[in-house]
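Descriptive analysis of the structure
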Amino acid sequence: MKENFPLNLGSDAPMVRFSKVTKCYGELTVLDSLDLDVQQNEIVSIIGPSGSGKTTVLRMLMTLEEINDGVIYVDGQPLTHMPKNNELIKANEAHLRKMRNNIGMVFQHFNLFPHMTALGNCMEAPMHVLGMSRTEALARSEELLEMVGLADKIHEHPARLSGGQQQRVAIARALAMRPKILLFDEVTSALDPEVIGEVLNVIRSLASEHSLTMLMVTHQMGFAREISDRICFFYEGKIAEEGAPQQIFENPQNERTRQFLSAVLDAN
Amino acid sequence: MQHYLEYLQAYGGRFVDGTLVTIQQTLLAALLAIFVAALFGMMRLSEKWLIRGTSIVYIEFFRGTSLLVQLYWIFFVLPLLGVTFDKFTAGFVAVGLNLGAYGAELVRGSIEAVPKGQYEACHALNMSYYKRMRRIILPQALLLMLPPWGNLLIELLKGTALVSLISVTDLMFEAKQINGTTYLSAESFGTALIIYYLMARVVVSPGMRAFERYWGKKMGRI
């Protein structure tokens, strides 16, 4: 039961709202009463030192982690909770399954299904979760794999693809579900330097051509600066500073942000 | 050599009969073991403590006590409680339930060994538990558990020799009978030994390896 949280956010709601969200692992508070709005079609990058709760934000939104307090709303509707008798109660599996279709995620380690081809990976969920016909799923998957530049690899298994190619399949797989929100969790961190560019190019084209709300955790500062509408700097479970990329990178107000950016940019 | 050929001429037919019964016992016990292993292995991973607990009790009981004692229980004690099996059924049921308990641990272990990222990908794609298990996790778990299952099935084959003790006329039973009337122990038990070895080495092991290769290919392993 949640008091003081609205049952829904009405028609002009942001695409994502974290409202006083707290996440603890035992004694350790990873996120402390987080408030964060992401507007429709906005691209928000989350940066910060490791252990600052960046990835946890994405994992909570993907419902991979339960939250300890607060409410997350997606497209105006509560995600982590559901209304019952004019109150918000903890969401059940049926509610989560309904809401989860709005959200897709791309992982650091791709997590492709090794026993399926690139095409099979993309067709799997549209057919077996959304109930799409084989013909339709095939057409959509082929189109997406072509978009990520893998038209000639659609029948390959992941083991025969490079890291960059696997990650592009993973992006196509997530897009095949037509999510409204796409989460990128350090998607280039496990890649060899020479293939990072091809993955970033795909994300870049998504950002410009598709209407998609994107939330990404990244260590690619130049890239974050280039494509993001807004940067959030996380420090010890809180947003220490947020703003337009130019402001954050050129004129950070917070001492922690300055330290972090100078450390990261020096290393590059 | 001449002598052994004469021996085979006289008793070969009975060894064949016994071997056929052993094969039947092995196949039926293996089917039961696989079914039981899949069922209790997945129950072992349930979030509901009652289901998980039932599985743990089953696995601990059948792994923790002797197969021979279990066989005697099923054949001699259960009838006192009103459940009667004929000896053939009691034989493969005991072997299947016993080896199935070991198999359940293989199933559990291999499901747990599928990388966590696979579960997370299924979750992110909004797959139901059933779809996730059937289409993503179990096919990969099967590949991981095939090599130890090869071992287990050889154990199972050899374990069926115990059913001779409740007079199922399997290979071991025939060998004992022939030994009892001829006193040719070396020939009788030597022949049984060789037949068991050949079944394990020539049928079960290569069969399992072929299945492993087939499944590995299907799973995109290169």
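Quantities reported herein were computed from a predicted structural model and do not represent experimental measurements.

Scanning chain A from N- to C-terminus turns up nine helices and twelve strands. Relative to the globule expectation of 18 Å for 268 residues, the C-alpha radius of gyration of chain A, 19 Å, shows essentially globular dimensions. Each of the three principal axes of chain A carries a C-alpha extent, and together these read 55 × 50 × 35 Å. Put simply, chain A has 268 residues, and 47% of those count as buried.

Attention shifts here to the overall build of chain B. A tally of regular secondary structure across chain B gives eight helices and zero strands. Expressed as a percentage of the 222 residues in chain B, the buried residues total 35%.

Mean pLDDT over chain B works out to 94, with 99% of the residues at or above the 70 mark. In the predicted complex, the global pTM is 0.86; the interface-specific ipTM is 0.92.

What follows is about the pairing of strand β4 (residues 69-74) of chain A. Residue and element names in this part refer to chain A. Taken across its six residues, β4 has five buried, putting it largely inside the fold. Where strand β1 (residues 16-25) meets β4, five bridges bridge the pair, whose relative direction is antiparallel. If you follow Ser19 over to β4, its bridge partner there is Val71. For β4 and strand β5 (residues 77-78), the ladder comprises two bridges, and the chain directions are antiparallel. Within β5, the position partnered with Tyr73 by the bridge is Pro78. Hairpin connection of β4 to β5: two residues between the antiparallel strands, including Asp75 at a positive phi of 55°.

In this section: the sheet that holds strand β12 (residues 238-243) of chain A. Residue and element names in this part refer to chain A. Spatial ordering of the open sheet is given by β8-β9-β10-β3-β11-β12, a layout of six strands whose pairing is mixed. Each of the sheet's edge strands pairs with one partner strand only, and the pair in question is β8 (103-106) and β12. The average undirected angle you get between the axes of adjacent strands in this sheet is 20°. Where β8 lies against strand β9 (residues 181-185), four bridges are found, and the strand directions are parallel. By the bridge assignment, Met105 is partnered in β9 with Leu183.

Another point: the packing of helix α3 (residues 67-77) of chain B against helix α4 (residues 87-113) of chain B. Helix-helix packing: each pair is described by the crossing angle between the helix axes and the interaxial distance. Residues and elements named next belong to chain B. Interaxial distance between α3 and α4 falls to 9 Å at its minimum, and their mutual angle equals 140°. Considered as vectors, α3 and α4 are oriented oblique to each other. Note that α3 runs across α4; the crossing there is right-handed. Here Leu67, Gln70, Leu71, Ile74 and Phe75 of α3 lie close against α4, whose contacting residues are Lys87, Ala90, Val93, Ala94, Val95 and Asn98.

For the rest of this paragraph, the subject is the sheet that holds strand β2 (residues 28-38) of chain A. Residue and element names in this part refer to chain A. The four strands are arranged β2-β1-β4-β5 in an open sheet whose pairing can be described as antiparallel. The sheet terminates laterally at β2 and β5, the two strands that pair on one side only. Pairing analysis gives seven bridges linking β1 to β2, with the strands arranged antiparallel. Bridging from a neighbouring strand, Tyr25 pairs with Leu28 of β2.

It is worth spelling out the interface of chain A and chain B at this point. Across the contact, 22 residues belong to chain A and 19 residues belong to chain B. Mapped onto the side of chain A that touches chain B, the elements with two or more residues apiece are α2 (93-100), β8 and α3 (118-128) of chain A. Here the side of chain A that touches chain B takes three residues from α3(A), the largest share from any one element. In terms of residue class, the side of chain A that touches chain B is built from eleven nonpolar, seven polar and four charged.

Quick look at α3(A) now. Within α3(A), eight of the eleven residues are buried, leaving the element largely enclosed by the surrounding structure. Within the span of α3(A), buried status applies to A:Ala118, A:Leu119, A:Asn121, A:Cys122, A:Met123, A:Glu124, A:Ala125 and A:Pro126. Buried-residue contacts for α3(A) involve α4 (134-147) and α5 (163-175) of chain A together with α6 (129-159) of chain B.

We now examine unusual backbone geometry. Residues and elements named next belong to chain A. With a phi close to 65°, Asn41 is a non-glycine residue in the positive phi region. Here Asn41 shows up in the loop between β2 and β3 (43-47). By C-beta crowding, Asn41 is classed as partly exposed, having 14 other C-beta atoms within 10 Å. Backbone geometry at Glu236 places phi at a positive 50°, although glycine is not the residue there. In this fold, Glu236 is placed in the loop between β11 (230-235) and β12. Residue Glu236 is classed as partly exposed on the basis of its 15 C-beta neighbours within 10 Å.

In this structure, A:Ile72 and A:Leu183 are the most contacted members of the largest nonpolar core, which totals 132 residues. Counting residues per element, this core draws most heavily on α4(B), which supplies twelve residues.

Looking now at the environment of B:Leu165. All names here are of chain B. Along the chain, Leu165 falls in the loop between α6 and α7 (171-182). Here the alpha-carbon distance between Leu165 and Lys87, two residues 78 residues apart in the chain, equals 9.9 Å. Those residues in contact with Leu165 that sit more than four places away from it in its chain are Leu68 and Leu71.

Note on placement: A:Gln165 falls in helix α5. If near-sequence neighbours (up to four positions away) are discounted, A:Gln165 is found in contact with A:Leu150 and A:Lys153.

Following the sequence through the fold, B:Ser128 ends up in the loop between α5 (116-124) and α6. In the structure, B:Ser128 is positioned 82 residues away from B:Ala210 in sequence and 32 Å away in space, judged by C-alpha atoms.

Conventions used here
Along each chain, residues carry numbers from 1 onward, in the same order as the chain's sequence is written. Just so you know, chain letters begin at A and ligand numbers begin at 1, following the order they were written in. It should be noted that, the model being predicted, local features are given only for residues of pLDDT at least 70 and side-chain atom pairs only at 80 or more, the latter also being counted only at that level, while totals for whole chains, interfaces and linings use all residues. Per the convention used, a helix needs a DSSP run of H or I reaching at least four residues, while a strand needs a run of E reaching at least two, with both numbered from the N terminus. Between the two quantities, the radius of gyration covers C-alpha atoms and the globule rule is 2.2 Å times the number of residues to the power 0.38. A residue is called partly exposed when the number of other C-beta atoms within 10 Å of its own lies between 12 and 20, exposed at 12 or fewer, and buried at 20 or more, with C-beta atoms placed from the backbone. Confidence of the predictor at the level of single residues is captured by pLDDT, which takes values from 0 to 100. When DSSP finds two or more bridges between two strands, those strands count as paired. To get an axis, a line is fitted to the C-alpha atoms, and for a helix only the part in contact is used. The angle between two axes follows their N-to-C directions and goes from 0 to 180 degrees. Angular relationships are summarised with four words: roughly parallel below 35 degrees, roughly antiparallel beyond 145, roughly perpendicular across 65 to 115, and oblique for the angles in between. What makes a crossing left-handed is the near helix being turned counterclockwise from the far one by less than a right angle; a clockwise turn instead makes it right-handed. Contact between two residues is assigned whenever their backbone-derived C-beta positions fall within 7 Å. For this classification, Asp, Glu, Lys and Arg are treated as charged, while Ala, Val, Leu, Ile, Met, Phe, Trp, Tyr, Cys and Pro are nonpolar and the rest, including Gly, are polar. Here, a nonpolar core means buried Ala, Val, Leu, Ile, Met, Phe, Trp, Tyr and Cys residues linked by C-beta atoms lying within 7 Å of one another.

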